[in-house]
Amino acid sequence: MSSMTQSTRFPMFILMLNLFIALLGQGMLIPILPEYLKLFHAGGTVAGFLVAAFGAAQFLFSPIGGQWADRFGRKKLIMAGMFLVVVSDLIFAVSTSLPLLYIARFIGGISLGLMVPANLAYVADITTPETRAKGMGYFGASMNLGMVLGPGLGGFIAEMGVRMPYFVASGLGLVAALLTLLLPETLPPEKRTISTEKKKGVNMGKQIWSSFKVPYFGYLLIILVMTFGLMSYETVFSLFAEYKYGFNASTISIIITMGAIIGIVVQIWLLDFFVKRLGEIKLIRLSLIMTPIALLLMLIKVNLIFLLFASALYFAFNAFLRPTVSSLISQNAGDRQGYASGLNTTYSSLGTVFGPLVAGILFDKNVNFPYIFGAFMLLAALTLTLKTQRSRKGNRYATE
């Protein structure tokens, strides 16, 4: 965080720690979920519905979280999200029935729906247009790191009992929630917005409809397509690698872990350099060309080294996309950072919900279809950037 001032380093550290712990908890659950579900005599179908419950809750509450972050301040929403993370993991740990598992996952989705938009808005508050992409990069890297370390830590802790990782995740979330008390609020009361719509309550349909009219709508669609592609990749990759290459679980885990580590390196050490050299728009365009190329390369069966190369290429350029696009959304949001961040998370959640569903259906048709479709979607998203240009004045972006 060398380019950030001393006053912004501590808040950024707390934000990154929050997201790291929240995603670490999610990652810890991944390797033991099949074994845990055996306690309930459940399998893959239930696992799929649990994922959908989480994504659906995040989708429903992200616009609310974004608006409330503008209305009540960032810190309160971050605190609420972190405490709901604790509640979700704790309920999952002590559950004795499937309905409780669904409730726990739904609460977990609510937690991220409230917390992530507030975090994004907080980053926008404490960064300048010049440092915003770098701040968003740290934001993404902390989430990736949690997902990288989570599965290994969860498997290790599970040796003490299959429920133990859920208790540990809940405890870590509580620590992060308490540390959040030290965060200063970045949105003073006089800048908090309370519109007539907010007084009446948030209407999801109106929220989505209003998003069509914002100047950064094209970037929201890129977030949707990018998340859709990533979730499609992750959902069927294990099946794809086993079916096409005959790889076992440990080899597949190495590929995914390596890709996630590459994403962290890109977002922490390379993102700022490329944004300064190319600018946000050119970097987004380059990434929307390289990610579909990487997906299509995976369809060519050569060997493990080749698949590692294609996966690394995909993860590297995918890691450029989210923080860069999020930075542009923020720069076009004016004083409605929470609202814009909520829409950002909403469109991301849509990709999280529908990406796995479409990928699973296409995979059953043909093992290559999910990646062909994902590549087509990413290339189509390239057209969304063709009418954007960097403004000569300041660091704003506009549509021609």
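The protein chain has the name Multidrug resistance protein 2 in an unreviewed UniProt entry, where Paenibacillus silvae is given as its organism. Database annotation for the protein chain, UniProt heading Subcellular location (unreviewed entry): "Cell membrane". In the Sequence similarities (unreviewed entry) part of its UniProt record, the protein chain is described as follows: "Belongs to the major facilitator superfamily. TCR/Tet family."

Caption draft 1: Layout of helix H4 (residues 74–94). Taking 1.5 Å as the rise per residue, H4 with 21 residues should run 30 Å; its terminal C-alpha atoms sit 31 Å apart, in good agreement. Along H4, the residues that are buried comprise Arg 74, Leu 77, Ile 78, Met 79, Gly 81, Met 82, Val 85, Val 86, Ser 88, Asp 89, Phe 92 and Ala 93.

Caption draft 2: View of the pattern of salt bridges. Per the counting criterion, the structure on display carries three salt bridges. A salt bridge links Arg 74 to Asp 70; the shortest N-O distance between them is 2.8 Å. A salt bridge links Asp 272 to Lys 276; the shortest N-O distance between them is 3.1 Å. Here the residue Asp 272 and the residue Lys 276 both occupy positions in helix H11 (residues 249–278), the gap between them amounting to four residues, near one helical turn. Asp 272 sits in the buried class, given a relative accessible area of 12%.

Each value, and the rule that gives it
- Sequence order sets the numbering: in each chain, residues are counted from 1 along the sequence as written.
- For this predicted model, a pLDDT threshold of at least 70 governs which residues receive local features, and a threshold of 80 or more governs which side-chain atom pairs are given and counted, while totals over whole chains, interfaces and linings are taken from all residues.
- Values shown for side chains rest on all heavy atoms present in the structure; no hydrogens or waters enter the calculation.
- UniProt positions are given in the numbering used here, feature names are shortened, and annotations may be inferred rather than shown by experiment.
- Only runs of H or I of at least four residues qualify as helices and only runs of E of at least two qualify as strands under DSSP, and these elements are numbered from the N terminus.
- The span one expects for a helix is its residue count, reduced by one, times 1.5 Å.
- Burial classes: relative accessible area under 20% of the type maximum marks a residue as buried, over 50% as exposed, and values in between as partly exposed (1.4 Å probe, protein chains only).
- Counted as salt bridges are all cases of a side-chain nitrogen of Lys or Arg within 4 Å of a carboxyl oxygen of Asp or Glu.

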